[in-house]
Amino acid sequence: MAGDLDRDTMQRAYARWAPIYDAVCGPVFEKGRRAATAAAMQAGGRILEVGVGTGLSFGDYDASTEIYGIDLSEPMIAKARDRMASGAFPHVRDVRVMDAHDLDFPDSFFDCVVAQFLITLVERPERVLDEMARVVKPGGEIILVNHLYSERGLAAAIERWFSRHAHTFGLRPEFPFQRLQDWAAGSGRAQVIERRRVAPMGVYTLVRFRRLAEGEQAWAPAASMSA
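Values in this document were obtained by computation on a predicted structure and should not be read as measured data.

Which parts of the structure should I look at to understand helix α4 (residues 125-135)?
Residue pairs three or four apart in sequence face the same way in an α-helix, which turns once every 3.6 residues. Among the 11 residues in α4, 8 count as buried, and that is most of the element. For α4, the set of buried residues is Pro125, Val128, Leu129, Glu131, Met132, Ala133, Arg134 and Val135. Where α4 is buried, its residues touch β1 (45-50), β4 (110-116), β5 (136-146), α6 (177-187) and β7 (205-211).

Right under this line is the structure:
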């Protein structure tokens, strides 16, 4: 498995992506994005989007929520601020340039934390997950949507080949679900409560974690989750 990405690679990659992100990536990621925001709307309340990008998801939320967004890329946040300035999204309270490895928010501040197509890209995914767990309230949710590594078959062989060249473009295609599961089990702060493929083609996977209260034990799922 190739090594983790570094911050400088990500900043350079997304500075290049920012001018064309909405046109190129918006349609590609739409199904996954809307699956994540729909799950976040079910959780409701104060929601943090980690890796908010240009703010494409602002219109997926409504006035029942308070949306905060952060992104490492200044060009991406500049576009998100332009969206906010339109006045069309009063439920979006603030967007900031911020490193997901060190969130500048108090403990237990959010009801839900969402990260769309982000966790496979950050330099230290487990550190970012730790920070998400810190800022979400006990009983709240962490919601991820991403393409996760195919562990067998032709797709896995293609992804292993692609991973040799992908990091230059700010991509890490060789990230398995097991890494998320291991984090949850090892941290003692969260439990995987849902894992499902996103229609129509199942290219993306939605993963939901529930933030455990202090001293609370994870429960065994009643049935296996769809992979």
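Picking up where we left off.
Can you help me understand helix α3 (residues 74-85) in this one?
Taking 1.5 Å as the rise per residue, α3 with 12 residues should run 16 Å; its terminal C-alpha atoms sit 16 Å apart, in good agreement. Within α3, the full set of buried residues consists of Met76, Ile77 and Ala80. The arc that holds every buried residue of α3, seen down its axis, measures 95°, which confines them to one face. Facing away from the buried side of α3 by more than 90 degrees, the exposed set consists of Asp82 and Ala85. Two residues or fewer past α3, glycine 87 is found with a positive phi of approximately 80°.

Just to check I follow, could you spell out the nonpolar core for this structure?
Within soluble globular proteins, side chains that are nonpolar generally end up buried alongside one another. If you look at the biggest cluster of nonpolar residues, it comprises 32 residues, and the most contacted ones within it are Leu48, Val50, Phe105, Met132, Leu144, Leu180 and Phe209. Going through the elements one at a time, β1, β2 (65-71), β4, α4, β5, α6, β6 (190-197) and β7 are the ones with two or more residues in this core. Ala35, Ala36, Ile77 and Val145 belong to the second largest nonpolar core, which has 22 residues in total.

Quick question: what am I supposed to make of the environment of glutamate 49 here?
If you trace the backbone, glutamate 49 turns up in strand β1. Among the residues examined, glutamate 49 registers a relative accessible area of 3% and is labelled buried. With 20 residues separating them along the chain, glutamate 49 and glycine 69 place their C-alpha atoms 4.7 Å apart. Apart from the residues within four sequence positions on either side, glutamate 49 is in contact with Thr37, Ser57, Tyr61, Tyr68, Gly69, Ile70, Val114 and Gln116. Within the local environment of glutamate 49, its side chain forms a polar contact with the side chain of serine 57, the two groups lying 2.7 Å apart.

Procedures and definitions
Residues numbered from 1 in each chain as written. Predicted model: local features only at pLDDT ≥ 70, side-chain atom pairs only at ≥ 80, totals over all residues. Heavy atoms only, no water. Buried < 20%, exposed > 50% of the residue type's maximum accessible area, 1.4 Å probe, protein only. Helix = DSSP H or I, 4+ residues; strand = E, 2+ residues; numbered from the N terminus. Contact = heavy atoms within 4.5 Å. Expected span 1.5 Å × (residues − 1). Arc of directions from axis to C-beta. Core = buried A, V, L, I, M, F, W, Y, C linked by side-chain atoms within 4.5 Å. Polar contact = N/O pair within 3.5 Å; in protein donor to acceptor, adjacent residues only side chain to side chain.

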